[in-house]
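# Residue-level structural notes
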Amino acid sequence: LCTQAGDKASLAVGMAGMTIDHVLQGRVREASRLASEYMTVVESIDDPALTIALSFAGIVAKHETGETAEALRWTQAVIDLAVEDHDRGNIIFESPRATALAWRGTARFRTGVPGWREDYEEAIAIAQSRSDTLSLVAILTYKYAGLPRGVFLATDSVLREIEAVMTPVQRSSDARPMSASMKEC
């Protein structure tokens, strides 16, 4: 229907949703294939806010399949598009730039590219300055995914950082207010 109506944006939104569903169901190869397909549609629309908002499903899928170069390319696109407007594309995450910085940090440590520690530090600073618990949880999840790989050690300071986030996260759980862009939908 979207194709017949010429509604590429709605088509891309639906495909992004299916991408996340595939990831959650453990069908990561299908998720990755679909991510490539829908991001081609998104890029053809040339809408920065839509590109930012919909890139996250694809970034997660690419990280899950080890396609780090693609994850890095898309995270860099989000970072570049949100450099002047940190709120642009904030349909899912209040701080899309912060979350993208964390994903770039993960892609960088996986490939041995310097700057990954600074990416995490900047991401956390942005999310904390905005009291954005959803982004902060995503950031710490990706940051400390490096624990089993030896990127970080489970030190007392790491445990304190994780514990410090737990209180605001538990307080906010399902009480997350809808963003202005979600209200428009």
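Residues numbered from 1 in each chain as written. Predicted model: local features only at pLDDT ≥ 70, side-chain atom pairs only at ≥ 80, totals over all residues. Heavy atoms only, no water.

## Concerning the overall build of the protein chain
- When its secondary structure is counted, the protein chain shows 10 helices and 0 strands.
- The linear arrangement of helices and strands in the protein chain, starting from the amino end, is α-α-α-α-α-α-α-α-α-α.
- Counting every position in the protein chain, which comprises 185 residues, the buried fraction comes to 42%.
- Across the protein chain, contacts joining residues at least 24 apart in sequence account for 58% of those joining residues at least 6 apart.
- Total accessible area on the protein chain is roughly 9900 Å²; 55% of this is exposed by carbon and sulfur atoms. (Helix = DSSP H or I, 4+ residues; strand = E, 2+ residues; numbered from the N terminus. Buried < 20%, exposed > 50% of the residue type's maximum accessible area, 1.4 Å probe, protein only. Contact = heavy atoms within 4.5 Å. Areas by Shrake-Rupley, 256 points an atom, 1.4 Å probe, with all protein chains shown as cover.)

## Thoughts on the packing of helix α2 (residues 8-24) against helix α4 (residues 48-64)
- The contact between α2 and α4 brings their axes to 9 Å, and the two run at 30°. Compared by their axis directions, α2 and α4 come out roughly parallel. The two elements α2 and α4 meet at a crossing, and its hand is left-handed. Judged by residue contacts, Ala9, Ala12, Val13, Ala16, Thr19, Ile20 and Val23 of α2 engage Leu50, Leu54, Ala57, Gly58, Val60, Ala61 and Glu64 from α4. (Axes fitted to C-alpha atoms, helices over the stretch in contact; angles between N-to-C directions. Parallel < 35°, antiparallel > 145°, perpendicular 65-115°, else oblique. Left-handed = near helix turned anticlockwise from the far one by under 90°.)

## A short note on unusual backbone geometry
- Unusually for a residue other than glycine, Asp46 sits at a positive phi of about 60°.
- A relative accessible area of 65% places Asp46 in the exposed class.

## Some remarks on the environment of Ser44
- As for its position among the elements, Ser44 is in helix α3 (residues 28-45).
- Put simply, Ser44 and Lys8 are 36 residues apart on the chain and 8.7 Å apart in space, counted from C-alpha to C-alpha.

## Considerations on the pattern of salt bridges
- In total, this model carries 10 salt bridges according to the counting rule given.
- Across the pair Arg33 and Glu30 runs a salt bridge whose closest N-O atoms are separated by 2.4 Å. Highlighted residues: Arg33 and Glu30, both in helix α3, separated by 3 residues, approximately one helical turn.
- By relative accessible area, which is 32% here, Glu30 ends up partly exposed.
- As a salt-bridge pair, Arg104 and Asp119 come within 2.6 Å of each other at their nearest N and O atoms. (Salt bridge = Lys/Arg side-chain N within 4 Å of Asp/Glu carboxyl O.)

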